[in-house]
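Spelled out from the first residue to the last, the chains are:
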Amino acid sequence: MTDDDLLQTPLATLLAVAAARRDAAFGRTISYSRKVFIPLTHLCRDVCHYCTFAQRPRQDRPAYLTRGQVLAIARAGAAAGCTEALFTLGDKPELRYRAAREALDELGHPSTIAYLAAMCAAVFKETGLLPHVNPGVMTTEEIAALRDVSASQGVMLESVSPRLCEPGGPHYGSPDKQPERRLETIRRAGEQAVPFTTGILIGIGETRAERIDSLRAIAALHDAHGHIQEVIVQNFRAKPGTKMAGAAEPDLDDLLWSIAAARLILPTDVHVQAPPNLSPEVYPQLIAAGIDDWGGVSPVTPDHVNPEAPWPAIAALAARSAEAGKILVPRLPIYPSFAFAADRWCAPALATAVRRGIDSEGFAREDDWAPGRAVAPPVPAPRLAAADPAVVAAVERAGGGARLDEAAIVRLFAARDADYAHVIAAADALRRTVSGETVRYVVNRNINYTNICYYRCKFCAFSKGRTHEALRGTPYDLDLEEIVRRAVEAWDRGATEVCLQGGIHPDYTGATYLGICRAIKQALPGMHVHAFSPLEVTQGAATLGISVPDFLAQLKAAGLGTLPGTAAEILDDPVREVIAPDKIMTRQWLDVVAAAHRLGLRTTATIMYGHVERPESWARHLLALRDLQAETGGFTEFVPLPFVHMEAPMYLRGLARKGPSFREAVLMHAVSRLVLHPLITNIQASWVKMGPEGVAACLQAGANDLGGTLMNESISRAAGTEHGQEFPPEAMEALIRGIGRAPAQRSTLYGPIGNERRARSFGAPELAPVVQTPPRKVLAAE
């Protein structure tokens, strides 16, 4: 819009256009940062005529908070679930007050900003809170020093009007409020790739035309550097004891006009914020004007800049936002688009903390649950009355068997609140229609025949290099005799399947895999051999110098019954190039699986999610599986495998998230039920990764299968899971009955099993100690 359009368009029209622009960019979410407010010093060399934060030195009050005081505030914030430590302070008070200079000397720092940097470092190290700093005008060197210890920085532009700095103006006598100095600070921050907050203060004597000029100046800086995260539209509040105590405050229409103008002038990726505590009775109107963020809200500390205006309770803010059709979502001090590019925008240690603190959409994780951890999952409570029509429409199309496009699937994965409840309920209803009330499982044993692998997958905590004795345990390479012994022991305990996978041992050939199949089938003709991912198949064929289909035919003749669809990870090559660059790519994986299906060898399908990828990759993965199933019909089930982060190398190196959030993990089961319908009818939940409470939730969100009892589990255990190695039939069936469903044992191919097998599986004896054969040369093929 032109300036004239902004100034002359009726307010109702302007608000509607602004709200539509906001919704197109940010959908139903409205974000906030859970923060603790640390007023490092109230001293300031400026004398803004409306400010009560800045105070003169006093004998009875230290000039600065001590390190102990700073950390006490920060620890209280961390205990209350905050993620941001907001440092607010006056501009360079040492340039005006001797008391500030003397205090800094005693603290051992040459400047206020140097002390601020030290306190940011201390807070981050001691509490993990991400510092956001508002120290006023800064030099290039000061911005750089703070960039090393803070996630984001900010300075309120307030206004580009130089009139406000003239005698009689609110900024007279405040050298740091000269517009060109503040614009220069914002520009310098952009040059150094600092995620930045700025804003305008309305009602201090500026005109609407000058507000437009200020917003256009901010937009130009963002166009040049891309670093403006948010623009605050703050309304002036008259405070007793200030020179402007009697000044008129802007009315509601003026505030709403300013918010709408900001939304329409600023680029669509810049967030617009209005402090909720300054306008407590008009939340719906603020939302209707185009805001998408409430700013920082503290459950611990007051707003020291506006102490007369208490923060709203977060639950109340969520409820009021819901009344306006918005879902309140926590964020970090660094917004999602910046969080996904944290290596560009943050110092290395802070980038790691950002990645570990976000979900797949870049918002803050809302609880301590993670795959593999024995932590009770959260119980969401919807606030919105109805689901988004776009979500309802996508669910209806999927339920009718239509192939959804990538955008629709991504929207389903973004479901929260009422949208989440709708997706979960629809997936569960579809499960009931397709699979009934029976939950199936298979009694099986995992046999991981070696943990030696010459691949370097960044997510894998299981595999070891041949001589890496100290790398997450001792390398082993099972004797064929031990593999058979474990299979026989499993049979005696009622198993119908052995699942065999392992590292890609440099000495293994296709003959090794053939030998394993023959040995097991010779000892146990009735045991189903479920073995070898597309990666082992590719490697085995290559070592024998034959094609993949020919090798698969040999495996089938040797007794292979089905293949696990592992090594899929994420079927999206840009992600695979990050997490497993030397592994087979998407097309190769699909080609191996298709070849197996054409030979009558059925496979499972998996996804390993929650690390570096985003929902767009989940959608591509599901569509690749759906399309292949439409061609071959060879998948028996889909198995979501949430990333277990605790010991995973790429997590320990600061490169990955903490696995999916609980919401995301449940949605993966629900959305896959919808997206893969009607082609893949079985959706399995992994108890070893999700835990008993987690799989119970998934079974009520589209899943109909609990997978295997396992007996031994090495891969997730190596990654740090706390959910054990075996889930025996007694526990399986108790869990299933506990949610009102009927348990049933099944074969690998979802057929019934005999009474003898079932009877043997209950009350099974303890497993004998396993023998982890040390590394040696080629495993005998005979």
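Residues numbered from 1 in each chain as written. Predicted model: local features only at pLDDT ≥ 70, side-chain atom pairs only at ≥ 80, totals over all residues. Heavy atoms only, no water.

Caption draft 1: Fine view of the sheet that holds strand β10 (residues 438-442). Strand order across the open sheet formed by three strands is β17-β10-β18, with parallel pairing between neighbours. Edge positions in the sheet fall to β17 (705-708) and β18 (742-745), since each of these pairs with one other strand and no more. Going across the sheet, the axis of each strand differs from the next one's by a mean of 20°, ignoring polarity. (Pairing = 2+ DSSP bridges. Helix = DSSP H or I, 4+ residues; strand = E, 2+ residues; numbered from the N terminus. Axes fitted to C-alpha atoms, helices over the stretch in contact; angles between N-to-C directions.)

Caption draft 2: Layout of the pairing of strand β9 (residues 327-331). Of all five residues in β9, five are buried; the element is thus mostly enclosed. Residues Ile327, Val329 and Arg331 point to one face of β9 and Leu328 and Pro330 to the other, with burial holding for every one of them. Across five bridges, the pairing between strand β1 (residues 29-41) and β9 is parallel. Its bridge partner being in β9, Ser31 is matched across the sheet by Val329. (Buried < 20%, exposed > 50% of the residue type's maximum accessible area, 1.4 Å probe, protein only.)

Caption draft 3: Structural context of the nonpolar core. Residues Val423, Leu500, Phe532, Leu555 and Trp589 are the most contacted members of the largest nonpolar core, which totals 124 residues. Looking at which element gives the most residues to this core, the answer is helix α26 (residues 662-675), with nine residues. What Val423 contacts, discounting residues up to four positions off in sequence, is Val391, Val395, Leu412, Ala415, Leu667, Ala670, Val671 and Leu674. In this structure, Val70, Ala85, Leu157 and Ala318 belong to the second largest nonpolar core, which totals 84 residues. (Core = buried A, V, L, I, M, F, W, Y, C linked by side-chain atoms within 4.5 Å. Contact = heavy atoms within 4.5 Å.)

Caption draft 4: Representation of unusual backbone geometry in the model. Note the cis peptide between His677 and Pro678, where omega equals 0°. Here Pro678 is to be found in the loop between α26 and α27 (687-699). In the Ramachandran plot, Ala193 falls in the positive-phi region, its phi being about 55° despite a non-glycine side chain. With a relative accessible area of 15%, Ala193 lands in the buried category. With a phi angle near 50°, Glu569 is a residue other than glycine that sits in the positive phi range. In this fold, Glu569 is placed in the loop between β14 (560-563) and α22 (573-579).

Caption draft 5: Region of the structure containing the pattern of salt bridges. The tally for this structure, following the rule as stated, stands at 56 salt bridges. Ionic pairing is found between Asp3 and Arg216, a salt bridge with its closest N-O pair at 2.8 Å. With Asp3 in helix α1 (residues 3-8) and Arg216 in helix α8 (residues 208-225), this pair connects stretches of sequence that are 213 residues apart. Here Arg216 falls in the partly exposed class, since its relative accessible area comes to 31%. In this structure, a network of salt bridges that share partners links the residues Asp359, Glu361, Glu366, Arg416, Arg663 and Glu664. (Salt bridge = Lys/Arg side-chain N within 4 Å of Asp/Glu carboxyl O.)

Caption draft 6: Highlighting the sheet that holds strand β13 (residues 528-531). Pairing is parallel across the open sheet formed by six strands, whose spatial order is β11-β12-β13-β14-β15-β16. Each edge of the open sheet carries a strand with a single partner, namely β11 (444-448) and β16 (635-642). Neighbour-to-neighbour, the strand axes of this sheet turn through a mean angle of 25°, independent of strand direction. Bridge count between β13 and β14: two bridges; the pairing is parallel. Among the inter-strand pairings, His530 is bridged to a residue of β14, identified as Thr562.

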